[in-house]
Amino acid sequence: MIEIGLCGWGDHSELYRGAGAAKNKLPAYAKWFRVVEVDSSYYAIASPQTMAKWANDTPDDFRFVIKAYQGMTGHSRGKGAHPYENEDAMFQAFLDAITPIREAGKLMAVLFQYPPWFNCTRANVDVLRAAKARMGDVPCALEFRHQSWYTPEMQEKTIAFTQREGWFHTVCDEPQAGDGSIPIVEAATSEELTLVRLHGRNTSGWVSAGQPNWRDVRYLYRYNDVELNDWAERLHRLAGQSRTVCVLFNNNSGGDAADNALQLMAMLHQLPPRGSFELPPPGDADAEQLELF
């Protein structure tokens, strides 16, 4: 099974044209896709009450991939980098927060995306083991952003480690822009799930961190039909190795993620949950409104 969704549900205005949709974005999003990545959890750990509302606002077959808080992956460093007394408290706060999603049976995985400076060292392997131990039986996916994990000498070892330690592998499509990016590594480490994240291929924007507008340009990219067809073929191969392949489009900067995701769904002969690719006219107040309440 190949499930397609987007990273975040707030930035895709074209999905919220129906009456009431702009004020009820998550329920409206769930008419188009059955999975979403929660990226706000990277910046701050939401309350269990918020997570419970998300669970209640979505259908029974909807699933969440929840991004690990930045303090859990070493993005925030140094004294005062996070508001928790220690790492145990930080991880416990995150586990408490996601409990309503887990209890609703809607957690696909927690995504641990490590920073570009997190390279392949013995010390960092220990960091990964400690994080996985703290998460207990929570399903977790692993994404690297330093090329050293996937050099010709290390790629097979990295995949073997990921599988042995019980992580889901995250296959990435991103610009090839030096050590702070990884190649496409078409491999599964679990029969249950493989995650695929499509970040776009904007090489110049990828290395713009630190510039005032870097968030606006980093993921500015629109996949063309040839590139999406290539991915459709990869996804079929991955689906032969994992029961579920979850594809998340992260090329949000120019509003391309939703269009690309729907294009890929059409290529794979899938329909959105709403049963149609046709957008409602702006302000349409008929069935869309009725279905929300």
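For clarity, every value in this text was computed on a predicted model and none was experimentally measured.

Chemist: Before we move on, can you summarise the overall build of the chain with the specific residues and values?
Modeler: Counting secondary structure elements, the chain contains eleven helices and eight strands. A compact globule built from 293 residues would reach a C-alpha radius of gyration of about 19 Å, and the chain, at 19 Å, matches this within 12%. When its C-alpha atoms are laid out on the principal axes, the chain stretches across 60 × 45 × 40 Å. Considering the chain as a whole, with its 293 residues, one finds that 51% of them fall into the buried category. The long-range share in the chain, meaning contacts at least 24 apart out of those at least 6 apart in sequence, stands at 78%.

Chemist: Describe the pattern of salt bridges, and please don't skip the residues or the numbers.
Modeler: Per the counting criterion, the structure on display carries 14 salt bridges. We note a salt bridge from R34 to D61, for which the minimum N-O separation is 3.5 Å. Of this pair, R34 sits in the loop between helix 1 (25–29) and strand 2 (35–38) while D61 sits in the loop between helix 3 (48–56) and strand 3 (63–67); the two residues are 27 residues apart in sequence, bridging distant segments of the chain. Overall, R34 belongs to the partly exposed group, its relative accessible area being 28%. For D61, a relative accessible area of 42% gives the class partly exposed. Members of the salt-bridge network, linked through shared partners, are E37, E143, R145 and R197.

Chemist: I'd like to hear about the pairing of strand 3, residue by residue, with values.
Modeler: Where burial is concerned, most of strand 3 is hidden: four out of the five residues are buried. The pairing of strand 3 with strand 4 (residues 107–113) spans four bridges and is parallel. In the sheet register, I66 faces strand 4, and the bridge partner there is V110.

Chemist: Got a sec to walk through the confidence of the model for the chain? Specific residues and values, please.
Modeler: Here the chain averages 90 in pLDDT, and 90% of its residues register 70 or above. Per-residue pLDDT stays below 50 along residues 284–293; that stretch engages in 19 contacts with residues further than four places along the chain or on separate chains.

Chemist: Any chance you could break down the nonpolar core for me, citing the residues and the numbers?
Modeler: A general tendency of soluble globular proteins is for nonpolar side chains to be buried together. Within the largest apolar cluster, 74 residues are counted, with the highest numbers of intra-cluster contacts made by F64, V110, F112, M135, V247 and F249. With seven residues, the top contributor of residues to this core is helix 4 (residues 87–103). If we ignore the near neighbours within four places in the chain, the residues touching M135 are M72, F91, F94, L95, V110, F112 and C140. Counting residues in hydrophobic clusters, the runner-up holds twelve residues, among them M108, L193, L195 and C246.

Chemist: Got a sec to walk through helix 9 (residues 225–239)? Specific residues and values, please.
Modeler: In this model helix 9 runs 21 Å from its N-terminal to its C-terminal C-alpha over 15 residues, within 8% of the 21 Å that 1.5 Å per residue would give. For helix 9, every residue scored as buried is listed here: E227, L228, W231, A232, R234, L235 and L238. Looking at the packing, one finds that the buried side of helix 9 touches strand 1 (2–7), strand 6 (168–173), strand 7 (193–198), strand 8 (244–249) and helix 10 (257–267).

Chemist: Would you mind going over the packing of helix 4 against helix 5 (residues 122–135) in detail, with residue names and values included?
Modeler: Packed helix pairs are characterised by how far apart their axes lie and by the angle those axes make with each other. Contact geometry of helix 4 with helix 5 gives a least axis separation of 10 Å together with a crossing angle of 45°. Judged on the interaxial angle alone, helix 5 and helix 4 are oblique. The interaxial crossing formed by helix 4 with helix 5 has right-handed handedness. Facing helix 4, whose interface residues are E87, D88, F91, F94 and L95, helix 5 presents A131, R134 and M135. Each residue belonging to the contact of helix 4 with helix 5 can be placed in one class, and the counts come to five nonpolar, no polar and three charged.

Chemist: Describe unusual backbone geometry, with residues and values.
Modeler: Trans is the common state for peptide bonds, and a negative phi is the common state for residues other than glycine. In the Ramachandran plot, H269 falls in the positive-phi region, its phi being about 60° despite a non-glycine side chain. One can find H269 in the loop between helix 10 and helix 11 (287–292). We classify H269 as exposed; its relative accessible area is 74%.

Chemist: So what's going on with the sheet that holds strand 5 (residues 140–143)? Which residues, and what values?
Modeler: Pairing between sheet strands relies on hydrogen bonds along the backbone, with the strands arranged either parallel or antiparallel. Read once around its circumference, the closed barrel built from eight strands follows the order 1-2-3-4-5-6-7-8, with strand pairing classed as parallel. Pairwise comparison of adjacent strand axes, ignoring direction, gives a mean angle of 25° for this sheet. When strand 5 meets strand 6, the two strands line up parallel, connected through two bridges. Directly across from L142, in strand 6, lies its bridge partner H169.

Chemist: Give a description of the environment of A22 that names residues and reports values.
Modeler: Looking at the secondary structure, you find A22 in the loop between strand 1 and helix 1. Residue classification places A22 among the exposed residues on the basis of a relative accessible area of 52%. Distance in space between the C-alpha atoms of A22 and G10 is 9.1 Å, their sequence separation being twelve residues.

Chemist: Go over helix 4, please, and point to the residues and values.
Modeler: Between its first and last C-alpha, helix 4 extends 24 Å over 17 residues, near the 24 Å set by a 1.5 Å rise per residue. A97 marks the point of greatest bend in helix 4, at about 35°, and the proline P100 comes within the next four residues. Contacts from the buried residues of helix 4 go to helix 2 (40–43), helix 3, strand 3, strand 4 and helix 5. The opening residue of helix 4 is N86, an N-cap whose side-chain oxygen sits 3.2 Å from the backbone nitrogen of D88. Phi turns positive, to about 70°, at G105, one or two residues after helix 4.

Basis of the calculations
Residues numbered from 1 in each chain as written. Predicted model: local features only at pLDDT ≥ 70, side-chain atom pairs only at ≥ 80, totals over all residues. Heavy atoms only, no water. Helix = DSSP H or I, 4+ residues; strand = E, 2+ residues; numbered from the N terminus. Rg over C-alpha atoms; globule rule 2.2 N^0.38 Å. Buried < 20%, exposed > 50% of the residue type's maximum accessible area, 1.4 Å probe, protein only. Contact = heavy atoms within 4.5 Å. Salt bridge = Lys/Arg side-chain N within 4 Å of Asp/Glu carboxyl O. Pairing = 2+ DSSP bridges. pLDDT = per-residue confidence, 0-100. Core = buried A, V, L, I, M, F, W, Y, C linked by side-chain atoms within 4.5 Å. Expected span 1.5 Å × (residues − 1). Axes fitted to C-alpha atoms, helices over the stretch in contact; angles between N-to-C directions. Parallel < 35°, antiparallel > 145°, perpendicular 65-115°, else oblique. Left-handed = near helix turned anticlockwise from the far one by under 90°. Nonpolar A, V, L, I, M, F, W, Y, C, P; charged D, E, K, R; others polar. Bend = angle between axes of the 7 residues up to and from the residue. Polar contact = N/O pair within 3.5 Å; in protein donor to acceptor, adjacent residues only side chain to side chain.

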